[in-house]
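# Examination of the molecular architecture
Here is how the chains run, residue by residue.
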Amino acid sequence: MPLSKFVNVMISYGYHRYPGRLFVVEGTDGSGKSTQLQLLYQWLKAEGYPVFFSEWNSSPLVKDTTRRAKKRRLFTPTTFSLLHATDFADRTERDIIPPLKAGAIVLADRYIYTAYARDVARGCDRAWVRELYKFAVKPTVAFFFRAPLDIAVDRISSARPNLKFYEAGMDMDWSDNEEESFKIFQGKILQEYDHMVNEFGLTVIDGTLPIRSQQRQMREIVSRYLKEKLKEKVAVSK
Amino acid sequence: MTEMGFYGTALPTVDIEPYAGKLIVIEGTDGVGRSTHVTLLRTWLESIGYAVLDTGMTRSILAGRGIKNARTGHTLGRLTMQLYYAADFADRLENQMLPALRAGFIVLTDRYIYSAIARAVVRGADPEWIRAMYGIALVPDAVFYLRIKSAEELAARVLVSGGGFDYWESGMDLGLGDDYYDSFIAYQKLLLREFDRMTGEYGFHVIDAGRPVRRVASELRRAISKVIESDKIVESDLHAGAVLGTKEKEAVKIEAIPKVKASETVIAKESSKTAP
């Protein structure tokens, strides 16, 4: 009996064909990506598009496990990677694929590239981490908000004076000093992002520009992929 | 000493160095008696002086509880489930199995990556994807595959054990059959096919599990004593089981007692209510 009669066989990155659109934002902490995504969301909603939001680390199935592991410092680079991939798989199966199939717009704050950058910075094998997320839907556009390291670090330190253990990369023993460790970690992450610009065709936005001009660029690019037809879906469902 | 070898990419931040222990895997589909044999082997190995660590799926400190909770609600997506199991596996590998192997323990594991691969593939996962994910797994010193020829025979064994059919062991999430029995047969057939495929690929030592527990147990002992430097195990050690000790008798009895935990029975009842 053919298995495909019963199960949806896994589709690999780049091979999904859905009527919806997926826009994602990426960048180091403090690059301003979340602000930009929020502004994009407001605009798309005002324009009448059906929009859904999906955040990193938001799966209800995995949340408790992740929280407990962070608190008790149970993670190794491998389990950190795998548990975040579990969280992402749940988001994909629950929050991303269904709206895309229905023709909606999905906005994701952080996507697989966050994992690629962070896990490789922690020493995981590049090819292994990429394979792990092979089931991910390729975004219509992936924006990478690039801010120089010192600016990003400044923004984060002023917003959150107390860095969390894993956030600062303290599990890696790069430095006993939290701020120092954070800088080393963010530097490695930024290096990985720079590698990925060509590899995955990320759209780079200069994170040092004024917020409004970044948003203008973003809307200009997004609008190329929007069609009036996408709005009709809302009218039908209402 | 065994050289540390991985199926794919080695674990990051793990020192690659020979280890003194032995990693022995007991594999097989649901109801073949794996846990009974793990218990018997543990008792035997300890009785002849070997320190043993036994482990199995969803027993990690990191993810064990999370997986159990997620399974209860039947809300676990297919890909999510595979990754959750991989996280549980990696945690046990890094924090239980490797330290024990370095310390010279014999690690007996009830299932390893092969069950996880089989379950994932029958649920539509890309076979290469799941294999690459488990590339972090240490190549065991031996893999014993307890084989039962047919799904019907497995079903009979599940009934004899008195536990009845479990939601997940019957693959109810796949919608393969209208009731637990039909679904169990269809699901286990698919799993058996995957295990047969993996036999050559991973070099399973196939053990016919359709025979009485004592015969299977004695074959396992012989084979394992070869794995553990055969010169150190004398003939009398092997026959330590010709007469079952009290502990072992208990272990055999356990097989006859339903292994299903109270909570799982509740789940099974609940899901049968909702079944059409």
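Residues numbered from 1 in each chain as written. Chains lettered and ligands numbered in written order. Predicted model: local features only at pLDDT ≥ 70, side-chain atom pairs only at ≥ 80, totals over all residues.

### Some words on the overall build of chain A
- When helices and strands are counted, chain A shows 9 helices and 5 strands.
- In chain A, the succession of helices and strands from N to C terminus is β-α-β-α-α-β-α-α-β-α-α-β-α-α.
- Its C-alpha atoms give chain A principal-axis dimensions of roughly 55 × 55 × 30 Å.
- The buried share of chain A, taken over its 238 residues, is 43%.
- For chain A, the proportion of contacts with a sequence separation of at least 24, taken over those separated by at least 6, is 80%. (Helix = DSSP H or I, 4+ residues; strand = E, 2+ residues; numbered from the N terminus. Buried ≥ 20, exposed ≤ 12 C-beta atoms within 10 Å, placed from the backbone. Contact = placed C-beta atoms within 7 Å.)

### Examining the sheet that holds strand S2 (residues 52-56) of chain B
Residue and element names in this part refer to chain B.
- One open sheet accounts for 5 strands, arranged S2-S3-S1-S4-S5; its pairing is parallel. Either end of the sheet is taken by a strand with one partner, and the two such strands are S2 and strand S5 (205-208). In this sheet, neighbouring strand axes are inclined to one another by 20° on average, regardless of whether the strands run parallel or antiparallel.
- In this structure, strand S4 (residues 142-147) lies alongside S5, joined through 4 bridges in parallel fashion. Looking across to S5, one finds that Tyr 145 is bridged to Val 206.
- Against the sheet, helix H3 (residues 78-102) makes contact with strand S1 (22-27), S2 and strand S3 (106-110), and its axis sits at roughly 160° relative to S2, the strand it touches most. (Pairing = 2+ DSSP bridges. Axes fitted to C-alpha atoms, helices over the stretch in contact; angles between N-to-C directions.)

### So, the packing of helix H3 (residues 77-101) of chain A against H3 of chain B
- Running from amino to carboxyl end, H3 of chain A crosses H3 of chain B at an angle of 170°, the nearest separation of the two axes being 8 Å. Here H3 of chain A lies roughly antiparallel to H3 of chain B, going by the angle between them. Contacts between H3 of chain A and H3 of chain B involve Thr 78, Thr 79, Leu 82, Leu 83, Ala 85, Thr 86, Ala 89, Asp 90 and Glu 93 of chain A on the former and, on the latter, Leu 79, Thr 80, Leu 83, Tyr 84, Ala 86, Ala 87, Ala 90, Asp 91 and Glu 94 of chain B.
- When grouped by side-chain class, the residues that make up the contact of H3 of chain A with H3 of chain B number 10 nonpolar, 4 polar and 4 charged. (Parallel < 35°, antiparallel > 145°, perpendicular 65-115°, else oblique. Nonpolar A, V, L, I, M, F, W, Y, C, P; charged D, E, K, R; others polar.)

### What to know about helix H1 (residues 33-46) of chain A
Residue and element names in this part refer to chain A.
- Helix length check: H1, at 14 residues, gives a terminal C-alpha distance of 20 Å against a target of 20 Å (1.5 Å per residue), a fit within 8%.
- By the burial criterion, the buried members of H1 are Lys 33, Gln 36, Leu 37, Leu 40 and Leu 44. Projected down its long axis, H1 carries its buried residues within an arc of 95°, all on one side. Along H1, exposed side chains directed more than 90 degrees from the buried face belong to Gln 42, Lys 45 and Ala 46.
- Lining the buried residues of H1 we find strand S1 (21-26), strand S2 (51-55), strand S3 (105-109), strand S4 (141-146) and helix H8 (211-223).
- Where H1 terminates, the next one or two residues include Gly 48, which has phi positive at roughly 95°. (Expected span 1.5 Å × (residues − 1). Arc of directions from axis to C-beta.)

### Observations concerning the environment of Thr 55 of chain B
- Within the secondary structure, Thr 55 of chain B sits in strand S2.
- Taking the C-alpha atoms as reference, Thr 55 of chain B lies 8.6 Å from Arg 111 of chain B; in sequence the two are 56 residues apart.

### Section: the nonpolar core
- The biggest cluster of nonpolar side chains holds 137 residues, and the ones touching the most others in it are Ala 86, Ala 87, Val 107, Ile 117 and Tyr 134 of chain B.
- Top element by residues in this core is H3 of chain B. It accounts for 14 residues.
- When residues no more than four places from it in sequence are discounted, the contact partners of Ala 86 of chain B are Leu 82 of chain A together with Met 133 and Tyr 134 of chain B. (Core = buried A, V, L, I, M, F, W, Y, C linked by C-beta atoms within 7 Å.)

### Regarding unusual backbone geometry
- Of note, Asp 173 of chain A is a non-glycine position whose phi angle comes to about 55°, a positive value.
- Assignment of secondary structure puts Asp 173 of chain A in the loop between helix H6 (149-159) and helix H7 (178-199).
- A positive phi angle is found at Thr 58 of chain B, which is not glycine, with a value near 60°.
- For Thr 58 of chain B, the location among the structural elements is in the loop between S2 and helix H2 (64-72).
- According to the C-beta neighbour criterion, Thr 58 of chain B is partly exposed, with 17 such atoms within 10 Å.

### A closer look at the interface of chain B and chain A
- Of the residues lining the interface, 34 residues belong to chain B; the matching set on chain A comes to 33 residues.
- Breaking the side of chain B that touches chain A down by element, the ones donating at least two residues are H2, H3 and helix H5 (127-133) of chain B.
- Sort the elements by how many residues they give to the side of chain B that touches chain A and H3 of chain B lands first, with 9 residues.
- When the residues that make up the side of chain B that touches chain A are grouped by side-chain class, the tally is 21 nonpolar, 9 polar and 4 charged.

### Some words on the environment of Ala 70 of chain B
- Tracing the backbone through its elements, the reader meets Ala 70 of chain B in helix H2.
- Note on Ala 70 of chain B: 24 C-beta atoms within 10 Å, which makes it buried.
- With 68 residues separating them in the primary sequence, Ala 70 of chain B and Thr 2 of chain B have C-alpha atoms 37 Å apart.
- Leave out the neighbours within four places in its chain, and Ala 70 of chain B touches Leu 61 of chain A together with Thr 75, Leu 76 and Tyr 84 of chain B.

### Considerations on the confidence of the model for chain B
- Looking at chain B as a whole, the pLDDT averages 84, with 83% of positions reaching at least 70.
- Confidence estimates for the predicted assembly give a pTM of 0.87 and an ipTM of 0.90. (pLDDT = per-residue confidence, 0-100.)

### Side note on the pairing of S3 of chain A
All names here are of chain A.
- Of all the 5 residues making up S3, 5 are buried; the element is thus mostly covered by neighbouring parts of the structure.
- Across 5 bridges, the pairing between S1 and S3 is parallel. When the bridges of S3 are listed, Leu 22 appears paired with Val 106.
- Where S2 meets S3, 5 bridges bridge the pair, whose relative direction is parallel. Counted as the bridge partner of Ser 54 is Ala 108 from S3.

### Remarks on the sheet that holds S1 of chain A
Residue and element names in this part refer to chain A.
- A sheet is described by the order of its strands in space; here 5 strands give the open sequence S2-S3-S1-S4-S5, paired in parallel fashion. The sheet terminates laterally at S2 and strand S5 (203-206), the two strands that pair on one side only. With direction set aside, neighbouring strand axes in the sheet form an average angle of 20°.
- Contacts from H3 reach S1, S2 and S3, with the element oriented near 160° to S2.

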